[in-house]
Amino acid sequence: MTLAESHNPTLTHSLLYLDGISVSFDGYKALRGLSLVLAPGEMRAIIGPNGAGKTTMMDVITGKTKPDEGEAMFDGRFDLTKLDEAEIAGLGIGRKFQKPTVFENHTVEDNLLLATKAPRGVFATLFGRDDKGVRRTIDRILATTRLGGLRARVAGSLSHGQKQWLEIGMLLAQDPKLLLVDEPVAGMTDAETAATAELLREIARDHSVVVVEHDMTFVRELGVKVTVLHEGAVLADGSLDQVSADPRVIEVYLGR
Amino acid sequence: MSPQLDRIGLVFVVLLALAAVVVPVLALATPADSPFNIPPYLVQLLGKYLCYAILAVALDLVWGYCGILSLGHGAFFALGGYAMGMYLMRQIGTRGVYANPILPDFMVFLNWKALPVAWWGFDSFPYAMLMVALVPGLLALAFGWFAFRSRVTGVYLSIITQAMTFALFKEFFRNDFGFGGNNGLTDFKDLLGFPLQSSAAKAALFSASAIALILAYGAARLIIGSKYGKALTAVRDAESRMRFLGYRVENLKLFAFVVSAVMAGIAGALYVPQVGIINPSEFAPANSIEAAIWVAVGGRGTLVGAAIGAISVNFAKTWFTGAFPEFWLYGLGALFVLVTLFLPKGLLGLLLRPRRERAPTPETPALAIEEGADP
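As a starting point, this report considers the structure included with it.

Criteria and cut-off values
Residues numbered from 1 in each chain as written. Chains lettered and ligands numbered in written order. Predicted model: local features only at pLDDT ≥ 70, side-chain atom pairs only at ≥ 80, totals over all residues. Heavy atoms only, no water. 1 Å grid on protein atoms, 1.4 Å probe; cavity = no way out; pocket = protein on both sides within 12 Å on 5 of 7 lines; lining within 4 Å. Points joined across faces, edges and corners; volume = space filled by probe spheres on them. Helix = DSSP H or I, 4+ residues; strand = E, 2+ residues; numbered from the N terminus. Contact = heavy atoms within 4.5 Å. Buried area = accessible area lost by both parts, 1.4 Å probe. Salt bridge = Lys/Arg side-chain N within 4 Å of Asp/Glu carboxyl O. Polar contact = N/O pair within 3.5 Å; in protein donor to acceptor, adjacent residues only side chain to side chain. Buried < 20%, exposed > 50% of the residue type's maximum accessible area, 1.4 Å probe, protein only. Pairing = 2+ DSSP bridges. Axes fitted to C-alpha atoms, helices over the stretch in contact; angles between N-to-C directions. Lys, Arg positive; Asp, Glu negative; His and termini not counted. Phe/Tyr/Trp six-rings, centres within 6.5 Å; stacked < 30°, edge-to-face > 60°. Lys NZ or Arg CZ within 6 Å of the ring centre and 35° of its normal.

With that settled, consider the layout of surface pockets. Residues and elements named next belong to chain B. Approximately 440 Å³ is the volume found for the second largest pocket. Surrounding the second largest pocket, 23 residues form its lining, Met89, Pro104, Asp105, Phe106 and Asp187 being those nearest its centre. Breaking the lining of the second largest pocket down by element, the ones donating at least two residues are α3 (73–92) and α4 (105–109).

The structure is reproduced here in structure tokens:
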């Protein structure tokens, strides 16, 4: 129990709490006082032009980048600025990269096996035996992500869209509390985009999700609260219709 | 590992096991003028190739499966060799030129009065064997701990492994360092009481090398087949993905690196009694690079290929340095270029049928730009 926690109801009731985060790289300010609060179970879309700091924000949450100042708390208890990637993943934050990143030389099944929540140490993996629970998780995720027929396929041979779904499936296998999804529909066909939106809505039923996306049709399809980032800070938030009507948002982003 | 690769591996193991029996029989039980007789020098040469093959399997475990191109594995090999050499030196006893029961000749020559601490215990075979594994293992542990924690990867890692072996190369050259300086350790007499010059000892060392190679291959194959092995390959292909999945990538790498270094040390320990000498030139950076060439020529990421590569390149080297002694390095260079251009999967690629569903070979992912470097 930290002092901040007992005095700050927003923090206590949030899953993710970012307050006044600033990050600069060689003098370039990628984030300038970004604040964002995500409630447990919430799905949120983050939009913003290139360089608005979307990916840097994900880097801060997942421990890849340490902020120069500001507070980043998870579950009201864990200070994310003090933990590294593996520890943060262990807390239950999963991250999907912009470019689909799966293990190309492994089968779809092995990709999910490596992601499934289980002890991750050298000796646990060296001497670990197959267990039924893990198989069931994999079956369930293969069904959710519509990859059931591709179980034994080498991941490198999947289509772009299938790789994206596999990576989302790997996040699910981690059984995280929070999923960070970076541009999941970039480079997808319209049909694939619609299927991805459905997949994410399904996942959002029992996970908190943050989706970073450029594709407005897709964001509309998600139908969730939207936060607009601009030059490293929050410009506006609300429903997509609300933010689309905001003159500042139109000026920096939608109007172009 | 594909089932096809495992079948080749099985054939290789069976051939090795046969050789471990047949070579000593032909060497010892046939008369010297029989066409089936294998002369002692040949037994020794073949045994040496097998030691190189163990080193190659060790290197393939980290390079082929984890993307760590170590160009310093010669150092682990040499350290294992030195540990064995120190045991053999202490076995000489009063048969040395100076007949000192405790101090090896070079120490008497340097006018040392007492045995340096580092040499204590090396008259005991079990202790020496422990050191064969422990010294390379601990060096790999310390080196890898710093390197992997600092996330040094790709060519940068290769360069510091070269620096490591070069530093040891320089250090072992110094007489004051206490390991025989420039001349190294030599004039060995016997191992476990058996004279090293005898045909029987040579045959036994050959068999021991063949068995060690089988064990090294078997251990590496078991590691690769486990979930840990899958995780290792995943680190090779997408390191940051593994981190965000919650794996401690540095620990995964460190374990493989240490296991590999211990294997290399054992290879060196078997090598030294067969060649009869260990000196600082074994630490030469070029030796480690040559080992990487064996793996590339045989087929990286296949284990068997690495062993086949080591044996065939060294066979070629023996022939080539006999026929055209001046041109071996050109030959080696040309071989490397040709294999890279025409046999990307190495010699073993000739045996493996192309598979329809094969993913493209990852291009040194260690050098790839990390994901998510937005602004």
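That shown, we press on.
All right, on to the interface of chain B and chain A then. Contacts between the two partners involve 34 residues from chain B and, on the opposite side, 45 residues from chain A. Of the roughly 3600 Å² buried between chain B and chain A on both sides combined, carbon and sulfur atoms contribute 61%. Between the two partners, chain B and chain A, sit five salt bridges. Salt-bridge contacts for Arg241 of chain B lead to Glu167 of chain A; the nearest nitrogen and oxygen are separated by 2.3 Å. Linking chain B to chain A there are 12 residue pairs in polar contact (both at pLDDT 80 or more). When residues of the side of chain B that touches chain A are traced back to their parent elements, those giving at least two are α8 (227–237), α9 (239–244) and α10 (249–275) of chain B.

All names here are of chain B. Residue position: Pro39 is located in the loop between α1 (3–29) and α2 (40–66). On the accessibility criterion, Pro39 (26% relative accessible area) is partly exposed. Separated by 13 residues in the primary sequence, Pro39 and Leu26 place their C-alpha atoms 8.9 Å from one another.

Below, the discussion takes up the sheet that holds strand β3 (residues 43–47) of chain A. Residues and elements named next belong to chain A. As summarised here, the arrangement of the six strands in space is β6-β7-β8-β3-β9-β10, forming an open sheet in which the pairing is mixed. Among the strands making up the open sheet, the edge pair consists of β6 (93–96) and β10 (233–238). Pairs of neighbouring strands in the sheet enclose a mean axial angle of 20°, with direction left out of account. Where strand β9 (residues 225–230) lies against β10, five bridges are found, and the strand directions are antiparallel. In the strand pairing of β10, His230 is matched with Ala233.

Attention now goes to the side chain of Lys202 of chain B. Residues and elements named next belong to chain B. The residue Lys202 is located in helix α7 (residues 199–225) in this model. There is no salt bridge for the buried Lys202, and the closest opposite charge comes from Asp187, which lies 13 Å off by N-O distance. Residue contacts for Lys202: discarding those within four places in its chain leaves Pro40, Val43, Gln44, Leu196 and Gln197.

In the structure shown here, the tally under the stated rule is 31 aromatic pairs over all chains. Among the aromatic residues, those joined into a ring-pair cluster are Tyr82, Phe106, Trp112, Trp119, Phe172, Phe177, Phe179 and Phe283 of chain B. One cation-aromatic arrangement involves Arg95 of chain A over Phe244 of chain B; the distance from NZ or CZ to the ring centre is 5.0 Å. One residue, Arg149 of chain B, lies across the ring of Trp145 of chain B, its end atom 4.4 Å from the ring centre.

Next up on the list: the sheet that holds strand β1 (residues 16–25) of chain A. All names here are of chain A. Spatial ordering of the open sheet is given by β2-β1-β4-β5, a layout of four strands whose pairing is antiparallel. Among the strands making up the open sheet, the edge pair consists of β2 (28–38) and β5 (78–79). Pairing analysis gives seven bridges linking β1 to β2, with the strands arranged antiparallel. By the bridge assignment for β2, Ile21 is matched with Leu34. Seen against the sheet, helix α3 (residues 54–62) touches β1 and β2 and runs at an angle of roughly 115° to β1.

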